[in-house]
Amino acid sequence: MKKLPLLFAGHGSPMNTIEDNSFSRAWAEIGQALPRPSAILVISAHWETNGVRVTATDKPETIHDFYGFPGELYEIEYPASGSPELAGNVQNLLKPDRIVADYDRGLDHGSWSVLCNMYKNADIPVVQLSLDRRQAPEFHYNLGKRLKILRDQGILIIGSGNIVHNLPMMIWRDRAYDWAVEFDKQVTHLIETGAHDKLIDYKQLPDSELAIPTNEHYLPLLYILGAKESDDPVQTYNDVLTMGSVSMRSFRFG
Ligand code: ZN
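Residues numbered from 1 in each chain as written. Predicted model: local features only at pLDDT ≥ 70, side-chain atom pairs only at ≥ 80, totals over all residues. Heavy atoms only, no water.

Draft legend 1. How the structure looks around the pattern of salt bridges. Applying the stated criterion across every chain yields a total of 12 salt bridges. Between R146 and D97 there is a salt bridge, with its nearest N and O atoms 3.1 Å apart. Taken together, the residues R146 in helix 5 (residues 137–147) and D97 in the loop between helix 3 (84–93) and strand 4 (99–102) connect sequence positions 49 residues apart. Across the pair R105 and D108 runs a salt bridge whose closest N-O atoms are separated by 2.7 Å. Accessibility classification places R105 together with D108 in one group, the buried group. Here the salt bridges share partners, and the residues they tie into one network are K3, K148, D152 and E229. (Salt bridge = Lys/Arg side-chain N within 4 Å of Asp/Glu carboxyl O. Helix = DSSP H or I, 4+ residues; strand = E, 2+ residues; numbered from the N terminus. Buried < 20%, exposed > 50% of the residue type's maximum accessible area, 1.4 Å probe, protein only.)

Draft legend 2. Inspection of the nonpolar core at higher detail. L41, V90 and L129 are the most contacted members of the largest nonpolar core, which totals 50 residues. Take this core: its biggest share by element is 7 residues, from helix 9 (residues 219–227). Apart from residues lying up to four places away in sequence, L129 is in contact with L41, V42, I43, S44, W47, V52, R53, V54, V90, I99, L147 and Y223. (Core = buried A, V, L, I, M, F, W, Y, C linked by side-chain atoms within 4.5 Å. Contact = heavy atoms within 4.5 Å.)

Draft legend 3. Representation of unusual backbone geometry within the structure. Omega for the bond connecting K95 with P96 falls within 30 degrees of zero, at 10°, which places this linkage in the cis form. With respect to the element layout, P96 can be found in the loop between helix 3 and strand 4. Notably, D207 is not glycine yet its phi reads approximately 65°, a positive angle.

Draft legend 4. Quick peek at the coordination of the zinc ion. Bound to the zinc ion on the protein side are H11 (NE2), H46 (NE2) and H217 (NE2), at distances that span 2.0 to 2.1 Å. In primary-sequence terms, the residues that donate to the zinc ion follow H-x34-H-x170-H. Placement of H11 in the loop between strand 1 (6–10) and helix 1 (22–33) and of H46 in strand 2 (residues 39–49) is noted, with a sequence separation of 35 residues between them. Taking relative accessible area as the criterion, H11 reaches 1% and is therefore assigned buried. (Donors = N, O, S within 2.8 Å, 3.2 Å for Na, K, Ca; no water.)

Draft legend 5. Main features of the packing of aromatic side chains. Under the definition given, this model contains 6 aromatic pairs. Ring centres of Y202 and Y218 lie 4.8 Å apart, and the angle between their planes is 50°; this geometry places the pair in the tilted category. Of this pair, Y202 sits in the loop between helix 7 (196–200) and helix 8 (208–211) while Y218 is found in the loop between helix 8 and helix 9, placing the two residues 16 residues apart along the sequence. Residue Y202 is classed as buried on the basis of its relative accessible area of 3%. Of the residues examined, Y218 reaches a relative accessible area of 1% and is grouped as buried. For the ring pair F251 and F253, a centre distance of 5.6 Å and an interplane angle of 15° mean the geometry is stacked. The same class applies to F251 as to F253, namely buried. Members of the aromatic cluster, joined through ring pairs, are F66, F69, Y74 and W112. The residue whose ring lies beneath R175 is Y177, and the NZ or CZ to ring-centre distance is 6.0 Å. For K228, the ring lying beneath its charged end belongs to F253, and the centroid distance is 5.6 Å. (Phe/Tyr/Trp six-rings, centres within 6.5 Å; stacked < 30°, edge-to-face > 60°. Lys NZ or Arg CZ within 6 Å of the ring centre and 35° of its normal.)

Draft legend 6. Representation of the packing of helix 1 against helix 4 (residues 109–118) in the model. Closest axis-to-axis distance for the helix 1/helix 4 pair is 7 Å, and the angle between their directions is 65°. Considering the relative orientation of helix 1 and helix 4, their crossing is right-handed. Counting all contacts with helix 1, which are made through S24, W27, A28, I30 and G31, the residues of helix 4 involved are S113, V114, N117 and M118. Partitioned by chemical class, the residues of the contact of helix 1 with helix 4 number 5 nonpolar, 4 polar and no charged. (Axes fitted to C-alpha atoms, helices over the stretch in contact; angles between N-to-C directions. Left-handed = near helix turned anticlockwise from the far one by under 90°. Nonpolar A, V, L, I, M, F, W, Y, C, P; charged D, E, K, R; others polar.)

Draft legend 7. Focus on the environment of T17. Within the secondary structure, T17 sits in the loop between strand 1 and helix 1. In this structure T17 comes out as buried when scored by relative accessible area, which is 9%. For T17 and I76, which are 59 residues apart along the polypeptide, the C-alpha to C-alpha distance reads 8.7 Å. Residue contacts for T17: discarding those within four places in its chain leaves L73, I76, W112, S113, C116 and N117. From its side chain, T17 meets the backbone oxygen of P14 in a polar contact 2.6 Å long. (Polar contact = N/O pair within 3.5 Å; in protein donor to acceptor, adjacent residues only side chain to side chain.)

Draft legend 8. The side chain of S130, seen in detail. Counting through the fold element by element, S130 comes out in strand 5 (residues 126–132). Overall, the relative accessible area of 0% leaves S130 in the buried class. Side-chain polar atoms of S130 contact the side chain of T49, separated by 2.6 Å. Looking at S130, its side chain comes within polar contact range of the main-chain nitrogen of R53, at 2.8 Å. Contact partners of S130, with chain neighbours within four places excluded, come to W47, T49, G51, V52, R53 and Y223.

Quick look at the structure:
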């Protein structure tokens, strides 16, 4: 079985699900370019919990977890099946930490806004792992390290968030604040040079309070970096900032 690359997807607005734009087209191309996974594990910015949970139902519902968007977006269904088997593997891999199997939770738009474009037919099972909001950044990085073996089992691990994500400062215009551009560049450089310790300790980076006022959109990146091998090639795409304070930059490793 072929070892699967890793993806960090800058997801941005849920509108990217239905708009034919450069982001949605890039996701579709990546879906075509990757070896076909047997299942997908997503760490999304939009599932924060106390303790770590994993979706364990075989039919996860499509959750429309946003407000004030066009009706069309609330009608989107992403009918991929779940994978109780992968959920069980994740629980085993992360022992002795206790990962709760969640039979109610479905897929949030951090998953399906990207997957609707990557795998339109929804014919690959999807499992989500939650972000434990009580934990420090290194915890999330270390979980990624412990999950990396899934890559050898045909599992595609996707972190879905945004490197720069400041909701209160967002503007509905296609331009970016200077600090956002600089922060995005800085993180990219640290990724390309393998400076993971600095990325884990992101609070020390200049302008981190502006770029990461809350860390749920940044943390999915740490899982992907944890699962990365030092010799995985790094590819970046959708390398633009939009809405003032959102970086759409995404990465493929491996
Ligand atoms: Zn989001």
